Amino acid sequence: NSLNLVDIFRCASGVSEHPRRLQYEVSDAGRRFAGEFLETSGITGSGPLICIQAGASQEKRQWAPTKFARLSQILIQELDARLVFVGSKSELRIIDRIVGEINHSNVVVAAGKTDFAQLGGILERADVLITGDTGPMHLAVAVGTRVVSLFLASALAFETGPYGEGNLVMQPLVSC
């Protein structure tokens, strides 16, 4: 299958006009939350705002926490990036491990503290989201935020990757 699942669902539902990207309108409350959260978080730095979704639906689809920690350190050192870790409450064990290795004031954790609209508000403010094949990846695309996505294991980028232009997908080619 070389079609993204969005296209398959679009055709199956009878939608004739091709969407160039997913769309989600962030509510005023979601935007307010994002502004207040970032303003009161104590996050420092003047570089790009980068959200990181470190968890995944299956452990085999998730990049190693030590690699996320190293990437985070590079982003802070090279770009003075402000990092916001997003995700669910259940992913805090992964995020806490990463943040513990970084230990920097340019980092804040929003995981477990947002609902869908609030996450949309945070992602809308971000310059980029770094993630695996996750729900937040699709939400980021829908609010107009670019995505760097790491596709691992059984997830295939051409089927469930970020829908739209301007995103970067990294997927190893593994022979069976």
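Shown above is the structure to which this text applies.
What comes next is a walk through the structure. All residue numbers here refer to positions counted from 1 along the written sequence of the relevant chain. Two thresholds apply to this predicted model, a pLDDT of at least 70 for residue-level local features and 80 or more for giving and counting side-chain atom pairs, whereas whole-chain, interface and lining totals are computed over all residues. Calculated side-chain values reflect all of the structure's heavy atoms, with hydrogen atoms and water omitted.

Right, let's talk about the packing of aromatic side chains for a bit. Stacked, edge-to-face and tilted are the three classes for Phe, Tyr and Trp ring pairs, Trp counted by its six-membered ring, which pair at centre distances within 6.5 Å; planes under 30 degrees apart are stacked, over 60 edge-to-face, the rest tilted. One pass over the structure, following the stated rule, counts 3 aromatic pairs. For the ring pair tyrosine 24 and phenylalanine 116, a centre distance of 5.2 Å and an interplane angle of 85° mean the geometry is edge-to-face. Remark: phenylalanine 116 occurs in helix α5 (residues 116–125) and tyrosine 24 occurs in the loop between α1 (5–12) and α2 (28–40); sequence separation between them is 92 residues. We count a stretch as a helix when DSSP gives it H or I for four or more residues in a row; a strand needs E for two or more, and each element gets its number in order from the N terminus.

Another point: the nonpolar core. Counting residues in each nonpolar core, the largest one holds 23 residues, and the members touching the most others are Cys51, Val84, Val86, Ile122 and Leu123. Those elements that place two or more of their residues in this core are α2, β1 (49–53), β2 (82–86), α5 and α6 (135–142). If one sorts the elements of this core by residue count, α6 sits on top with 4 residues. Sequence-distant contacts of valine 86, that is, excluding residues within four places in its chain, are made with Cys51, Ile52, Gln53, Ala54, Ile95, Ala110, Ala111, Leu119, Ile122 and Leu129. For the purposes of this section, nonpolar cores are sets of buried Ala, Val, Leu, Ile, Met, Phe, Trp, Tyr and Cys residues that join through side-chain atoms within 4.5 Å. Exposure is judged per residue with a 1.4 Å probe applied to protein chains only, and the accessible area is read against the type maximum: over 50% gives exposed, under 20% gives buried, and values in between give partly exposed. In terms of nonpolar packing, the next biggest core, distinct from the first, is built from 20 residues, Ile52, Ala69, Ile98 and Val109 among them. Residue contacts follow a heavy-atom distance rule, with two residues in contact if any of their heavy atoms lie within 4.5 Å.

All right, on to the sheet that holds strand β5 (residues 146–150) then. Note: two strands are recorded as paired if DSSP finds a minimum of 2 bridges between them. Here we have 6 strands laid out as an open sheet, ordered β3-β2-β1-β4-β5-β6, and parallel in their pairing. In this open sheet, the two strands that pair with only one neighbour each are β3 (107–109) and β6 (168–170). Each adjacent strand pair in this sheet contributes to an overall mean axis angle of 15°, direction not counted. In the sheet, β2 pairs with β3 via 3 bridges, with the strands oriented parallel. Across the sheet, leucine 83 pairs through a bridge with valine 107, a residue of β3. Note on geometry: axes are lines fitted to C-alpha atoms, helical ones only across the stretch in contact, with angles between N-to-C directions running from 0 to 180 degrees.

Let us look at the pattern of salt bridges. We define a salt bridge as a side-chain nitrogen of Lys or Arg found within 4 Å of a carboxyl oxygen belonging to Asp or Glu. On inspection of all chains with the given rule, the structure shows 2 salt bridges. As a salt-bridge pair, arginine 31 and glutamate 25 come within 3.4 Å of each other at their nearest N and O atoms. On the basis of relative accessible area, arginine 31 is assigned to the partly exposed category, the value being 31%. Between arginine 31 and glutamate 124 there is a salt bridge, with the nearest N and O atoms lying 2.8 Å from each other. Separated by 93 residues along the polypeptide, arginine 31 in helix α2 and glutamate 124 in helix α5 bring together distant segments of the chain. By relative accessible area, which is 27% here, glutamate 124 ends up partly exposed.

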